[in-house]
Amino acid sequence: MNWHTLSADQIFTATGSAPDGLTSAVAEERLLEKGPNVLHEKQQKSWLAVLAGQFKEFMSLVLIAAAVISGVIGDVTDSVIIIVIVLLNALIGFIQEFRAEKAMAALKKMAALHAVVFRDGLPVRKPAAELVPGDVVLLEAGNIVPADVRLLESHSLRLDESALTGESLASEKITEPVSSENLPLADRLNLAFKGTLVSYGRGQGVVVATGMDTEIGKIASLLQEEDTLTPLQLRMADYARKLSFIVIGICALLFGMGLLRGEEPVNMLLVAISLAVAAIPEALPALITIALAMGARRLSRQNALIRHLPAVETLGSVSFICSDKTGTLTLNKMHVTEVEEADARIPEVEISPFLLAMALNHDVRITDDGKFEGDSTEVALAEFVIGKIGWDTYHRIVSRFPRTGEIPFDSDRKCMTSLHRFGEKYLIITKGAAESILTRLKEKPGFFHQRSELMGANGLRVLGFAWKVVGNMPELLTAESVENQLVFAGFAGMVDPPRPEAKAAIDACRTAGIKPVMITGDHPATAAAIAREIGILDDTGLVISGTELQQISPGALAEKAANVCVYARVSPEQKIRIVKALRDKGQFVAMTGDGVNDAPSLRAADIGVAMGINGTDVSREASDMILLDDNFATIVKAVKEGRRIYSNIRKFVRYIMTCNSAEILTIFLAPLLGLPIPLLPIHILWINLVTDGLPGLALAVEGAEEDVMRQPPRHAGEGLLSGGIGLHIVWVGLLMAGVTLGVQFWAIHVQDAHWQTMVFTVLSLSQLGHVMAIRSEKTFLYRQGLFSNKPMLASIVFTFILQMAIVYLPAGHDIFHTQPLNLTELAITLGLSAVVFHAVELEKWVKSRILQPPSYSRV
Ligand code: ATP
């Protein structure tokens, strides 16, 4: 359909709509008929596909081969058991992966776009997916266009259509029909296409196509996002691959040595294969996803919505948080506390130019029940002026001076202009930041300049008003041609109190080695006053203004940036320079942003943080994380959570790798010490699957270390095995193997009773002792308390009961070839199983007492 050639009436007829939109009933019907307004994403993996995927894992294949070999040589029990284990393994893998996918899908849904649409004649905010053809939607700067829209109203509406047309220059939109039919998309100037960005102005139009019928829908298959792995997962996968080779090498060696010693070849092969399966940490990348996805879910409950999973892991490395002021550090609840009026009057107007300007120049929507909706600065001004002049005068003024045009606000100019009919003439009103107004005046009012500076120094946001009357409506509505030769009307100073939790959050940042920085469009004096109040700015910190920033070279900025606490009157473009300067110095930067032009700096930051309440769609799309409450304190909470998750992943790796090294060392060293192969394949698989798996998973829910926010940020490129983990894996592995082999030696030589059952049980239970000890890297278990991680306690008790069942129940004897231990044997087994636990607790003590922790100071 050539929507661009139709007139407004024709559009309404063609879409069965009206200027005030559709009714809810019609919209619902259409939604059923047309389907939701979404692009078909890459097919979600079905549960069957996820399940089938589990069997494709290399290790499952090896195990299946082992089962077949067992079957062929007549050991049917073993082959059935191995098959059962493969199935169990697949089932666990399946549940984990499916949960992770579901969690991610839920997060995506929460981050979905919304749009303001007229339903039953009233503007309402709805998920963009619910739009249908015929809906009348509002568009404003910062929106992502939610569907293909034929525009019927445009106030300097400009769209960035590069996603669709490749044209990077914003296109100025019109509302009149365009006559020629076969125009390229870029020339259909009265259409706004789904997925493009509103970079400036406001507008309104009728939805003409939704979902896959839209222009972008037609090329949607080109835009499918690939699943990407997080940096940590990539490193882990690479690591696991390298380790596989080593493990396979060791197993081959073991097999060869077994043959030389005259072991039965098939048995030896099964031992080698089981060991390879057990020791290769193939599940680690998947487990990391689970830990991250669980973390993301927990964060969303704390009002931080993660858009990209890697953000969860990188949050822990943040060393600088650059935050907007308004709304993030302050409440964004403004009210006017001081005004300063010029004396001028406009003939035949009942109120002063100052109050008149304030009453007319705003985009606040006043609902039927008297609520004010809109930008909080403007709401404060409208509330103030209506309070002053009363509703009657207000309505009279608004109808006497109807708006005939506007030059919308933008944060580079820091002002906005509205034009109104005034009898035969036109009244032009500009309001904006004090300096922006002062530069646009015909005559400078010297005294007022000082007044505004004083208000700023007291932490007030100061807005100035100016006006002029012209004979004709200007033909060209640009800032350059209209906003000049104005007459000063007055200043209004308003307070925006800091958020009550901001001060504590700032303090927490400093203790955690993170430097909080304020970046604001507000005046330096206002910004500095608030920054001082909440603790961002101290006597040594610097305040830099956008003008100064312009004059500093990138190199000089990089040198200086570490000491700057406040950047004021900064334009969004300059925010990128700040991010780059900090990153050049190796800092890891989280940066907040809410405006249309903030997207590039959000992308440039290591963690781009957008606002859920007051942010624009564009900034949200560019972010890694969205604050659902717009609150600075939430970023700090998220950093804490990120640190916790990363540290739990490290614990997890430490646990699994130590278990594996113990298993390998036990089996590898036994023949060298003249002992028989200590474990059967089934024992190895059991330890790998149950003993390692369950408690290991419970590590993901371990609480944060006590001092997690008293540590400096982790270095982003830090290896997963840094900080002594590698050493731990080796020495605890050796200890565990030593204890196990000691039991074997003793049992064979002294008693020769149930040595294999004892060996199997000691190794199994030692793992449980180990996991208890590594719940914290520093705190002793008795201080943490057994109950502080209930899933862990439950999984340990459960695993212990299973192990005892294997030892004492006849079914266990048949399957695992175990024998019941007598009381002495059991006591020895339990006693020795506790050795590793105590040794690792001792390691904490040694580390804290003998190896001094690195000294560290607040920033
Ligand atoms: P922050 O960057 O801390 O979030 P902000 O978002 O309010 O602050 P901008 O929106 O860039 O910063 O505003 C910059 C300046 O523009 C403000 O300090 C104010 O003086 C002026 N200003 C803000 N809103 C309006 C408006 N609706 N009309 C005119 N001027 C405005």
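Residues numbered from 1 in each chain as written. Predicted model: local features only at pLDDT ≥ 70, side-chain atom pairs only at ≥ 80, totals over all residues. Heavy atoms only, no water.

**Considering the overall build of the chain**
And step 1. Looking only at helices and strands, one finds 32 helices and 23 strands in the chain.
And step 2. Dimensions along the principal axes, computed over C-alpha positions, put the chain at roughly 115 × 65 × 45 Å.
And step 3. Buried residues in the chain amount to 53% of all 859 residues.
And step 4. Nonlocal contacts in the chain, meaning residues at least 24 apart in sequence, comprise 73% of its contacts between residues at least 6 apart.
And step 5. A total accessible area of about 37100 Å² is found for the chain, and carbon and sulfur atoms account for 60% of it.
And step 6. Between the mean site of the 78 positive side-chain charges and the mean site of the 92 negative ones, the chain shows a separation of 4 Å. (Helix = DSSP H or I, 4+ residues; strand = E, 2+ residues; numbered from the N terminus. Buried < 20%, exposed > 50% of the residue type's maximum accessible area, 1.4 Å probe, protein only. Contact = heavy atoms within 4.5 Å. Areas by Shrake-Rupley, 256 points an atom, 1.4 Å probe, with all protein chains shown as cover. Lys, Arg positive; Asp, Glu negative; His and termini not counted. Charge placed at Lys NZ, Arg CZ, Asp CG, Glu CD.)

**Details of the site of the ligand**
And step 1. If you check the shell around the ligand, you find 18 residues, and the closest are K325, T326, R461, T520 and G521.
And step 2. Separating a nitrogen atom of the ligand from a side-chain N or O atom of E378 is a distance of 3.1 Å.
And step 3. The side chain of K431 places a nitrogen or oxygen atom 3.2 Å from a nitrogen atom of the ligand.
And step 4. Bound to the protein, the ligand loses 89% of the 610 Å² it would expose on its own.
And step 5. Only β15 (425-433) and β16 (461-470) provide two or more residues apiece to the shell around the ligand.
And step 6. In terms of residues, the shell around the ligand owes the most to one element, β15, which gives three residues.
And step 7. Looking at the shell around the ligand residue by residue, the class counts come to four nonpolar, five polar and nine charged. (Near = heavy atom within 4 Å. Polar contact = N/O pair within 3.5 Å; in protein donor to acceptor, adjacent residues only side chain to side chain. Nonpolar A, V, L, I, M, F, W, Y, C, P; charged D, E, K, R; others polar.)

**Section: a negative patch on the surface**
And step 1. A cluster of acidic residues, E28, E29, E33 and E130, forms a negative patch on the protein surface.
And step 2. In this fold, E29 is placed in helix α2 (residues 24-34). (Patch = residues over 30% accessible without salt bridge, like charges linked within 9 Å, V, L, I, M, F, W, Y side chains within 5 Å. Salt bridge = Lys/Arg side-chain N within 4 Å of Asp/Glu carboxyl O.)

**Quick look at the sheet that holds strand β10 (residues 335-341)**
And step 1. The strand order β10-β17-β16-β15-β14-β13 describes an open sheet built from six strands, whose pairing is antiparallel. Because the sheet does not close on itself, it has two edges, and the strands there are β10 and β13 (403-410). Averaged over all pairs of adjacent strands, the angle between strand axes in this sheet comes to 20°, irrespective of strand direction.
And step 2. Pairing between β16 and strand β17 (residues 487-495): seven bridges, direction antiparallel. Bridging from a neighbouring strand, G464 pairs with F491 of β17. (Pairing = 2+ DSSP bridges. Axes fitted to C-alpha atoms, helices over the stretch in contact; angles between N-to-C directions.)

**Structural notes on the packing of aromatic side chains**
And step 1. Tallying each qualifying case throughout the model produces eight aromatic pairs.
And step 2. Geometrically, the ring pair formed by W686 and F816 is edge-to-face, given 5.3 Å between the ring centres and 75° between the ring planes. Of this pair, W686 sits in helix α25 (residues 681-691) while F816 sits in helix α31 (residues 810-816); the two residues are 130 residues apart in sequence, bridging distant segments of the chain.
And step 3. Judged by relative accessible area, which is 13%, W686 ranks as buried. (Phe/Tyr/Trp six-rings, centres within 6.5 Å; stacked < 30°, edge-to-face > 60°.)

**Some points on the nonpolar core**
And step 1. Counting 134 residues, the largest nonpolar core has I321, M518, I536, M625 and F632 as its most contacted members.
And step 2. Among residues more than four places away in sequence, those in contact with F632 are I321, S323, T328, L329, A505, I506, C509 and P516. (Core = buried A, V, L, I, M, F, W, Y, C linked by side-chain atoms within 4.5 Å.)

**Let's talk about the sheet that holds strand β23 (residues 625-627)**
And step 1. Ordered by their spatial adjacency, eight strands build an open sheet running β8-β23-β22-β21-β9-β18-β20-β19, and the pairing between neighbours is mixed. The open sheet terminates on both sides in strands that have one partner only, identified here as β8 (304-306) and β19 (542-545). This sheet shows a mean twist of 20° between the axes of neighbouring strands, independent of strand direction.
And step 2. Sheet topology places strand β21 (residues 589-593) next to strand β22 (residues 607-611); four bridges connect them, and they run parallel. Counted as the bridge partner of G593 is A610 from β22.

**Digging into the packing of helix α9 (residues 265-279) against helix α24 (residues 632-672)**
And step 1. In the contact formed by α9 and α24, the axes pass within 9 Å of each other and the chain directions differ by 160°. Considering their axes alone, α9 and α24 lie roughly antiparallel with respect to each other. The two elements α9 and α24 cross, and the hand of that crossing is left-handed. Across from V271, L275, A278 and A279 in α9, the residues of α24 making contact are N660, E663, I664 and I667.
And step 2. Across the contact of α9 with α24, the residue classes break down as six nonpolar, one polar and one charged. (Parallel < 35°, antiparallel > 145°, perpendicular 65-115°, else oblique. Left-handed = near helix turned anticlockwise from the far one by under 90°.)

**Description of the environment of K560**
And step 1. With respect to the helices, strands and loops of the structure, K560 is situated in helix α20 (residues 554-560).
And step 2. Overall, the relative accessible area of 35% leaves K560 in the partly exposed class.
And step 3. Leaving out residues up to four positions away in the same chain, K560 has contacts with L542, I544 and I552.

**Some details on the state of the cysteines**
And step 1. Inspection of every chain in the model, using the stated rule, returns zero disulfides.
And step 2. Among the cysteines around C659, which has no disulfide bond, C251 carries the closest sulfur, lying 16 Å off. (Disulfide = S-S within 2.5 Å.)

**Focus: the packing of α25 against helix α28 (residues 755-773)**
And step 1. Between α25 and α28, the shortest axis-to-axis distance is 11 Å and the interhelical angle comes to 20°. As judged from the angle between their axes, α25 and α28 are roughly parallel. Relative to α28, α25 is oriented so that their crossing is right-handed. Residues H683, W686, I687 and T691 of α25 touch α28, and the partners they reach there are Q756, F760, L763, S764, Q767 and L768.
And step 2. Tallied by class, residues from the contact of α25 with α28 come to five nonpolar, five polar and no charged.

**A few points about α25**
And step 1. Extensive coverage of α25 is indicated by the burial of 11 of its 11 residues.
And step 2. Three or more residues of α25 are buried, namely P681, I682, H683, I684, L685, W686, I687, N688, L689, V690 and T691.

**Section: the pattern of salt bridges**
And step 1. Here the structure, examined in full by the defined rule, presents 35 salt bridges.
And step 2. Between R654 and E843 there is a salt bridge, and its shortest N-O distance comes to 3.5 Å. Here R654, found in helix α24, pairs with E843, found in helix α32 (residues 823-849); they are 189 residues apart in sequence, far enough to count as distant. Note on accessibility: R654 and E843 belong to one class, buried.
And step 3. A salt bridge links R775 to E702; the nearest nitrogen and oxygen atoms lie 2.7 Å apart. Within this pair, whereas R775 is found in the loop between α28 and α29 (781-784), its partner E702 is found in the loop between α26 (693-698) and α27 (725-751), the two being separated by 73 residues in sequence. With respect to burial, R775 and E702 carry one shared label: buried.
And step 4. Within the structure, one salt-bridge network assembled from shared partners comprises K325, E435, R461, D522 and R569.

Interpretation in functional terms is not warranted from these geometric data alone.
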